[in-house]
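Understanding the architecture of this molecule
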Amino acid sequence: MNKTIKRIGVLTSGGDSPGMNAAIRAVARACAYYKVECVGFYRGFQGMIDGDYVAMDARSVRNIISRGGTILKSARSKEFLTSEGRKKAADSLKEAKIDAMILIGGDGTFRGGKVFSEEHNIPVIGVPGTIDNDIFGTNYTIGYDTALNTVVEAIDKIRDTASSHNRLFFVEVMGRDAGFIALNSGVGAGAEEILIPEEDLGLERLLASLERSRRSGKTSSIVVVSEGDKTGKNVFELAAYVTENLPDYDSKVTVLGHIQRGGSPSCFDRVLASRLCVKAVELLLDGKRDLMVGLVNNQIESCTLESALKEKHDINKDLLRISDILST
Ligand code: F6P
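Residues numbered from 1 in each chain as written. Predicted model: local features only at pLDDT ≥ 70, side-chain atom pairs only at ≥ 80, totals over all residues. Heavy atoms only, no water.

Attention now goes to the overall build of the protein chain. Looking only at helices and strands, one finds eleven helices and eleven strands in the protein chain. Relative to the 2.2 N^0.38 estimate, which gives 20 Å for 328 residues, the radius of gyration of the protein chain is 22 Å and therefore close to what a compact globule would have. Summarising its shape, the C-alpha atoms of the protein chain cover approximately 70 × 35 × 30 Å along the three principal directions. For the protein chain, contacts bridging at least 24 residues in sequence account for 76% of all contacts bridging at least 6. Here the protein chain displays about 14,600 Å² of accessible surface, and carbon together with sulfur accounts for 49% of that area. (Helix = DSSP H or I, 4+ residues; strand = E, 2+ residues; numbered from the N terminus. Rg over C-alpha atoms; globule rule 2.2 N^0.38 Å. Contact = heavy atoms within 4.5 Å. Areas by Shrake-Rupley, 256 points an atom, 1.4 Å probe, with all protein chains shown as cover.)

Okay, here's the thing in structure tokens:
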């Protein structure tokens, strides 16, 4: 055990995701178990800059495993992007006697953490927490599974009304530049078409496919559109284009938005957060630094923050083929 690590800080940064509280709990409890102090910083890196933190023991994280959001709050700090901001953060960590940081968030969080660690020689470990699942080095990020379930539940409801009114629905889901949420929720909800940024389906193919669906006897259809997809610039223009070209369709658009980020985490996300964060604490106590923990083939592994940032988590394009076959 690395005796130089006596006090570990933890924060949540970037877009919140269900399971972040389970992650905070696991950090605080693992610290208590290994008898090191734990301190939670509010509002991500901004709390580090402002010295806004709270001491956390095993009891301060009671009853949060089931709660959505993050008790430490989250932010995307602009000040931390500057070297002056990072210097202030390093000074405040020194004052608070923090020896290492655990950063729960997505690629923006890891990018900031890596620069900070290099500039100020403070060990950091990244824990992937984002609904987007767009992080290399892990099969799953914390919050993705819950978001998928939220989306599937919403599309099931949209399907009910779509089918009652013989309508075509375009459902926009989150994911930033990645199509993980769209692809997996689309297959899970039995969507007729799935549009993702990683694959250019093209407008003509979409029209042909919807036309085929209609001729095959389908009376309603769902097209899941990832927010990063550029097939029709945006979901509203896409729907307008389709309606213009297929006037028999009665089309509607639903943008699911931030509902995807909330809610009680699924069991999968709670277990994932627990496993990843115990490992994050253990890595620091083993003298490791500047790594990201991840779940790879159901084993908890780690990779460098550098590779997590440089390499790309590829989507499984075979799911598009599966979707094509099953939406016949
Ligand atoms: O990264 C998570 C995410 O929800 C993305 O899917 C989305 O593009 C973005 O954050 C939205 O960010 P904000 O909450 O700042 O609008």
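Back to the text.
What follows covers the nonpolar core. Counting residues in each nonpolar core, the largest one holds 36 residues, and the members touching the most others are I102 and V127. If you list the elements that add at least two residues to this core, you get β1 (7–12), α1 (20–33), β4 (100–105), β5 (124–128), α9 (267–285) and β10 (291–296). Residues within four places of I102 in sequence aside, it is in contact with I8, G9, V10, L11, V27, I125, V127, A280, V281 and L284. Residues A162, A178, F180 and I194 belong to the second largest nonpolar core, which totals 28 residues. (Core = buried A, V, L, I, M, F, W, Y, C linked by side-chain atoms within 4.5 Å. Buried < 20%, exposed > 50% of the residue type's maximum accessible area, 1.4 Å probe, protein only.)

Turning to the site of the ligand, a few remarks are in order. Close to the ligand lie R76, T130, I131, D132, M174, G175, R176, E227, H258 and R261. Contact distances for the ligand include 2.5 Å between an oxygen atom and a side-chain N or O atom of E227. Residue classes in the shell around the ligand are distributed as two nonpolar, three polar and five charged. (Near = heavy atom within 4 Å. Polar contact = N/O pair within 3.5 Å; in protein donor to acceptor, adjacent residues only side chain to side chain. Nonpolar A, V, L, I, M, F, W, Y, C, P; charged D, E, K, R; others polar.)

This next bit is on the environment of G112. Secondary-structure assignment places G112 in helix α4 (residues 107–120). Judged by relative accessible area, G112 falls into the buried class, the value being 15%. Residues G112 and T82, spaced 30 residues apart in sequence, show a C-alpha to C-alpha distance of 9.8 Å. Sequence-distant contacts of G112, defined by excluding residues within four places in its chain, comprise F45 and F80.

Applying the stated criterion across every chain, the model contains seven aromatic pairs. Ring geometry for Y144 versus F180: centroids 6.4 Å apart, planes at 85°, classification edge-to-face. With a gap of 36 residues between them, Y144 in helix α5 (residues 144–164) and F180 in helix α6 (residues 180–188) connect regions that are remote in the sequence. A single burial state applies to Y144 and to F180, both of which are buried. We note R214 situated over the ring of Y249; from NZ or CZ to the ring centre the distance is 4.7 Å. (Phe/Tyr/Trp six-rings, centres within 6.5 Å; stacked < 30°, edge-to-face > 60°. Lys NZ or Arg CZ within 6 Å of the ring centre and 35° of its normal.)

Take the pairing of β10 next. By the criterion of burial, β10 is predominantly enclosed, with five of the six residues buried. Taken together, the two bridges between β5 and β10 define a ladder with parallel strand orientation. Bridge pairing in β10 links G126 to M292. Bridge count for β10 against strand β11 (residues 299–304) is six bridges, and the pairing is antiparallel. Among the inter-strand pairings, L291 is bridged to a residue of β11, identified as T304. From the end of β10 to the start of β11, which pair antiparallel, there are two residues, and N297 there has a positive phi angle of about 50°. (Pairing = 2+ DSSP bridges.)

For N121, which is not glycine, the phi dihedral falls at a positive 50°. Relative to the assigned elements, N121 resides in the loop between α4 and β5. N121 gets classed as exposed once you look at its relative accessible area, which sits at 57%. Phi at K233 is positive, roughly 70°, even though this residue is not glycine. Position of K233 among the secondary structure elements: in the loop between β8 (221–226) and α8 (235–245).

Take the sheet that holds strand β9 (residues 250–255) next. The four strands lie next to each other as β7-β8-β6-β9, forming an open sheet whose pairing is parallel. Since the sheet does not close on itself, it has two edges, and those belong to β7 (193–195) and β9, each with one partner. The mean angle between the axes of side-by-side strands here comes to 20°, regardless of whether they run parallel or antiparallel. One ladder, built from six bridges, connects strand β6 (residues 167–173) with β9; its direction is parallel. (Axes fitted to C-alpha atoms, helices over the stretch in contact; angles between N-to-C directions.)

Here we come to the sheet that holds β1. Ordered in space as β3-β2-β1-β4-β5-β10-β11, the seven strands form an open sheet in which the pairing is mixed. The open sheet is flanked by β3 (53–56) and β11, the only strands paired with a single partner. Within this sheet the neighbouring strands show an average axis-to-axis angle of 25°, counted without direction. Inspection of the sheet shows β4 paired to β5 by five bridges, in the parallel sense. Bridge pairing in β5 places G105 opposite P128. Across the sheet, α4 is in contact with β4, β5 and β10; its angle to β4 comes to roughly 160°. Those strands touched by α9 are β1, β4, β5, β10 and β11, and its axis lies near 140° from that of β10.

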